[in-house]
2 protein chains.
Amino acid sequence: MRREFKKKSKVLLIDDNYEHLVGIRELLNLEGTFDVVGIATNINVGLNLIKKYQPEIVLLDMNMPEKDGLQGILEIAKLDLDTKVLALSGYDDADLIFRAMKIGAKGYVLKTMASAQLIYAIEEVLNGKIYLPLALSSRFFEYFQQSFREETAKQETEEENLLSYLTQREEEVLELLTQGITYKGVANKLFISETTVKTHVNNIFQKLQVNDRTQAVLYAINNGFLSKKIKLTA
Amino acid sequence: MRREFKKKSKVLLIDDNYEHLVGIRELLNLEGTFDVVGIATNINVGLNLIKKYQPEIVLLDMNMPEKDGLQGILEIAKLDLDTKVLALSGYDDADLIFRAMKIGAKGYVLKTMASAQLIYAIEEVLNGKIYLPLALSSRFFEYFQQSFREETAKQETEEENLLSYLTQREEEVLELLTQGITYKGVANKLFISETTVKTHVNNIFQKLQVNDRTQAVLYAINNGFLSKKIKLTA
DNA sequence: AAAGATATAGACCACATGGTCTATGAAACG
DNA sequence: CGTTTCATAGACCATGTGGTCTATATCTTT
């Protein structure tokens with residue numbers, strides 16, 4: 001292992017379970033390549049220690065009372081010290097894993113996993129990689145895909161999507177409405193009279209079954225009206 | 001391996017490179033546990049074969065002329081036959097991997113990888129799992145996190161976020177506005193007079209530097225006003 | 001040729017919305 | 001204890017918005 005000659009990596013532990021905290025510290029000390037610069041049983045104390053010691057990596061328990069781990073990740077990120085966060089948890093809750101990774105955790109390890117795997121995870125993260133055990137990444141991907149299925153489902157079911165009944169001209173008008181433009185503004189942009197715009201808008205209301213522009217705009221946004229155009233470019 | 005006594009799994013291959021296509025077929029035939037029911041050098045032919053043979057899994061090349069692989073995944077999904085798609089590609093393009101997984105690929109394998117790994121990937125996918133080689137999942141996660149950093153950045157920069165200047169009451173009012181409710185409706189919901197609502201709304205306009213409710217709602221949506229509350233519950 | 005859909009536009013009206021100004025009681029802050 | 005902030009609310013007015021009805025010119029479809 002090449003790290004042996006390097007400076008030890010500074011590690012900080014945050015977990016509301018003191019026993020577990022001490023256990024991990026012992027484990028890492030035995031390993032010899034880590035320097036556990038501090039331990040804390042809650043986020044706020046942990047944040048202060050991070051500011052003080054600037055560890056390369058923080059092992060952060062996700063399931064804590066008071067402030068939960070997700071909030072912790074965000075607040076550590078806000079310190080802007082490129083401290084890497086490895087999330088620890090007792091449960092393989094797909095939603096929690098997903099959200100932790102989404103907001104920037106560099107890895108997620110279950111407490112039930114073998115200590116060798118924890119060590120490996122820490123080293124991978126220290127080397128700039130992202131580490132998720134196979135079992136967890138599988139759950140992650142399922143959740144990931146599901147969350148997008150729901151999103152795209154709206155646009156796919158064109159039969160039920162009232163937006164599909166709009167004419168081309170009405171779509172143009174609606175697009176301008178989603179930019180918060182008045183009748184007069186739309187009229188100028190499209191080179192038509194204000195009353196014509198009103199007619200179009202009224203027809204749009206009928207088709208979308210709404211009563212005012214705000215509701216129409218909200219319907220458009222929630223039903224993938226804007227993303228149609230975005231998806232073609234990005 | 002328990003599969004030996006099971007019925008062979010039907011596999012279909014789509015790749016514009018005929019040499020490669022035949023190579024994989026040979027490999028899978030040698031393995032003995034797969035039944036390659038068809039091969040195609042373009043998506044449209046492939047789709048017809050899928051309809052005809054209803055394979056459990058399709059190995060789909062991502063880098064094809066004409067219709068690209070992403071489109072292919074979507075069209076296979078549209079057949080609604082729970083055909084699993086394992087994406088094949090010559091390049092470990094993070095964006096392509098991300099998008100393929102996003103729209104429902106069950107795995108992604110590089111052509112340069114060892115054949116044993118391809119076999120393993122196919123079996124994992126057939127067993128209902130999602131398989132990404134470690135090297136690719138690492139890239140995937142980087143891309144994943146980056147795409148969310150941009151999104152959350154808006155909410156993090158509270159100094160520039162005009163929403164942070166709103167009082168609690170104003171936030172309540174704004175939230176109701178984002179549901180397309182009128183002054184009168186808001187007044188009833190909050191048990192205050194209509195004029196009070198108007199005062200609040202006017203103050204909101206000032207703070208958000210907009211001229212009407214539609215613009216205010218759009219500002220709120222584009223600057224993470226709604227996601228604040230969602231993130232705490234969902 | 002007739003029917004239907006679409007884009008255009010005017011008239012009229014009710015009312016919702018937005019702008020401005022003033023004012024009061026409560027709570028927070030120094 | 002004064003000052004500031006906030007939530008409350010009234011009055012007044014201009015205008016934007018939405019509802020309805022009618023009408024014409026194209027264009028497509030039958």
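I will try to describe carefully the structure that is included in this document. Just so it is clear, the model here is predicted, and its values are computed rather than measured.

1. With respect to the protein's contact with DNA strand C
Thinking step 1. Taken together, 18 residues surround DNA strand C, and among them Thr167(A), Arg169(A), Ser193(A), His200(A) and Lys198(B) come closest.
Thinking step 2. Near the protein, within 4 Å, the atoms of DNA strand C are sugar or phosphate in 65% of cases.
Thinking step 3. Contacts to DNA strand C include Arg169(A), whose side-chain N or O atom sits 2.8 Å from a phosphate oxygen.
Thinking step 4. In the model, a base oxygen of DNA strand C is placed 2.7 Å from a nitrogen or oxygen of the Lys198(B) side chain.
Thinking step 5. Counting residues per element, the ones that place at least two in the surface near DNA strand C are helix H9 (194-208) of chain A together with helix H8 (183-190) and helix H9 (194-208) of chain B.
Thinking step 6. Here the element with the most residues in the surface near DNA strand C is H9(A); it accounts for five residues.
Thinking step 7. The residue inventory of the surface near DNA strand C, partitioned by class, reads three nonpolar, nine polar and six charged.

2. Digging into the nonpolar core
Thinking step 1. Core analysis: the largest hydrophobic core is formed by 84 residues, its most contacted members being Leu60(A), Tyr108(A), Phe140(A), Leu59(B), Leu60(B), Tyr108(B) and Phe140(B).
Thinking step 2. The element best represented in this core is helix H5 (residues 115-126) of chain B, accounting for six residues.
Thinking step 3. If near-sequence neighbours (up to four positions away) are discounted, Leu60(B) is found in contact with Ile14(B), Ile43(B), Gly69(B), Gly72(B), Ile73(B), Ile76(B), Val85(B), Leu86(B), Ala87(B) and Leu88(B).

3. Describing the packing of helix H7 (residues 168-177) of chain B against H8(B)
Residues and elements named next belong to chain B.
Thinking step 1. At a closest axis distance of 10 Å, the pairing of H7 and H8 adopts a crossing angle of 130 degrees. Regarding the angle of H7 to H8, the classification is oblique. The two elements H7 and H8 cross, and the hand of that crossing is right-handed. Packed against H7, whose contacting residues are Arg169, Glu172, Val173, Leu176 and Leu177, the element H8 presents Val186, Lys189 and Leu190 at the interface.
Thinking step 2. Among the residues making up the contact of H7 with H8, the classes are represented as five nonpolar, no polar and three charged.

Conventions we followed
Chains are numbered independently. Their residues run from 1 in the order of the written sequence. Here every chain gets a letter starting at A, and every ligand a number starting at 1, in the order they are written. Per-residue local features are limited, in this predicted model, to residues with pLDDT of at least 70; the limit for side-chain atom pairs, both in listing and counting, is 80 or more; totals at the level of whole chains, interfaces and linings are taken over all residues. Hydrogens and waters are ignored; side-chain quantities use all the structure's heavy atoms. By convention in these notes, a residue is near a molecule or strand provided one of its non-hydrogen atoms lies within 4 Å of it. Any N or O atom pair separated by 3.5 Å or less is treated as a polar contact, with the protein-specific requirement of one donor-capable and one acceptor-capable atom, and with residues adjacent in sequence counted only for side-chain atom pairs. Per the convention used, a helix needs a DSSP run of H or I reaching at least four residues, while a strand needs a run of E reaching at least two, with both numbered from the N terminus. All residues other than Ala, Val, Leu, Ile, Met, Phe, Trp, Tyr, Cys, Pro, Asp, Glu, Lys and Arg, Gly among them, are scored as polar; the first ten of these are nonpolar and the last four charged. Residue types Ala, Val, Leu, Ile, Met, Phe, Trp, Tyr and Cys, when buried and joined through side-chain atoms within 4.5 Å, form a set referred to as a nonpolar core. Buried, partly exposed and exposed residues are distinguished by accessible area as a fraction of the type maximum, computed with a 1.4 Å probe on protein chains only: under 20%, between the cut-offs, and over 50%, respectively. The contact criterion used throughout is that any non-hydrogen atoms of two residues lie within 4.5 Å. To obtain each axis, a line is fitted to C-alpha atoms, and for helices this fit is confined to the stretch in contact; angles are then taken between N-to-C directions over 0 to 180 degrees. Orientation categories follow fixed angle ranges, with anything under 35 degrees roughly parallel, anything over 145 roughly antiparallel, 65 to 115 roughly perpendicular, and all other angles oblique. Here a crossing is called left-handed whenever its near helix is offset anticlockwise from the far helix by less than a right angle, and right-handed whenever the offset is clockwise.

This is a description of form; function is not addressed.
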